[in-house]
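Secondary and tertiary structure notes
What follows is the residue order along each chain.
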Amino acid sequence: MIIVNAGKLMLSFLVADSYTSKVRQMKTTENNQIKYAQQHLANERTYLAWVRTVIAIVGIGFLNTSLHFTMGAQRNQTVDIISIALGVFACILGFVIIVLSTFAYFHRKRKIMNEETFLPSKAQVTLVSSLMIIIILFIVLYFLYLES
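Quick look at the structure, then. Quantities reported herein were computed from a predicted structural model and do not represent experimental measurements.

Considering the overall build of the protein
A tally of regular secondary structure across the protein gives three helices and zero strands. For the protein, the α and β elements follow one another from N to C terminus as α-α-α. A sequence separation of at least 24 residues applies to 79% of the contacts in the protein between residues at least 6 apart. Accessible surface for the protein amounts to roughly 11000 Å². Of this, 70% is attributable to carbon and sulfur atoms.

Re the nonpolar core
Membership of the largest hydrophobic core is limited to twelve residues, which are Trp50, Val54, Ile57, Val58, Leu86, Phe89, Ala90, Leu93, Ile97, Val128, Leu131 and Ile135. Counting only elements with at least two residues in this core, the list comes to α1 (2–70), α2 (77–113) and α3 (122–147). In terms of residue count, the dominant contributor to this core is α2 (five residues). Setting aside its immediate chain neighbours within four residues, Leu86 contacts Gly61, Asn64, Ile135, Phe138 and Ile139.

Regarding α3
Compared with the 38 Å implied by 1.5 Å per residue over 26 residues, the 38 Å span of α3 between its first and last C-alpha is a close match. Within the sequence span of α3, burial applies to Gln124, Val128, Leu131, Ile135 and Tyr142.

Description of the packing of aromatic side chains
Here the structure, examined in full by the defined rule, presents four aromatic pairs. Geometrically, the ring pair formed by Phe89 and Phe138 is tilted, given 5.6 Å between the ring centres and 50° between the ring planes. Here Phe89 is found in helix α2, whereas its partner Phe138 is found in helix α3, with 49 residues between them in sequence. What makes Phe89 buried here is its relative accessible area of 19%.

Observations concerning the packing of α2 against α3
The N-to-C vectors of α2 and α3 enclose an angle of 165°; their axes lie 10 Å apart at closest approach. Looking at the two axes, α2 sits roughly antiparallel to α3. The handedness of the crossing between α2 and α3 is left-handed. Across the contact of α2 with α3, the residue classes break down as 23 nonpolar, four polar and one charged.

Cut-offs and rules
Numbering of residues starts from 1 in every chain and runs along the sequence as written. Predicted model: local features are reported for residues with pLDDT of at least 70 only, side-chain atom pairs are reported and counted for 80 or more only, and whole-chain, interface and lining totals are derived from all residues. The basis for the side-chain values is all heavy atoms of the structure; hydrogens and waters are excluded. Numbering of helices and strands starts at the N terminus; helices are DSSP runs of H or I of at least 4 residues and strands are runs of E of at least 2. Residue contacts are defined here by distance: any two heavy atoms, one from each residue, within 4.5 Å place the two residues in contact. Surface accessibility in these figures is a Shrake-Rupley result with a 1.4 Å probe; residues are shielded only by whichever protein chains are displayed. Among buried residues, those of type Ala, Val, Leu, Ile, Met, Phe, Trp, Tyr and Cys that are joined through side-chain atoms within 4.5 Å constitute a nonpolar core. Only protein chains enter the area calculation, which uses a 1.4 Å probe; residues under 20% of their type maximum are buried, those over 50% are exposed, and those in between are partly exposed. How far a helix is expected to stretch is found by multiplying one less than its residue total by 1.5 Å. The rule is short: rings of Phe, Tyr and Trp, with Trp giving its six-membered ring, pair when the centres are within 6.5 Å, and they are stacked under 30 degrees, edge-to-face over 60, tilted in between. Axis definition: a line fitted to C-alpha atoms, limited for helices to the stretch in contact. Angles are taken between N-to-C directions and run from 0 to 180 degrees. Angles below 35 degrees are treated as roughly parallel, those above 145 as roughly antiparallel, those between 65 and 115 as roughly perpendicular, and all remaining angles as oblique. Note: crossing handedness is left-handed where the near helix turns anticlockwise from the far helix by less than a right angle, and right-handed where it turns clockwise. Each residue is assigned to one of three groups, with Ala, Val, Leu, Ile, Met, Phe, Trp, Tyr, Cys and Pro labelled nonpolar, Asp, Glu, Lys and Arg labelled charged, and all others, Gly among them, labelled polar.

In structure tokens form, the structure reads like this:
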């Protein structure tokens, strides 16, 4: 009788141990899913931030060009060319940024799925920053030639 009770006790320990390990495994899987969901959502937020940036940049280009030609101020061929160049460059910059950010989004998504380590993109930030400096120079040139 003692052997039977010991066997039942041992069986109950095995069942409890199996249940505990399954619960731990489920919690680990759930934590991993939450971690990856957070990474995917952060990746999507970053992409949408780039899209908002593109909308602002292209909007600045259109606004500058349309205001220049509808203000009715004194016309100067150099200022007209700078205004058109600023509008076109803003559109080109917007196109470049949206293409780069789309590639970066899918690249990071693939890295998240393959559980690879994160490496920040220095080249993309440097390129966009350089192009933004060029837009600022166009704006400064525009206002300098507009005053003269």
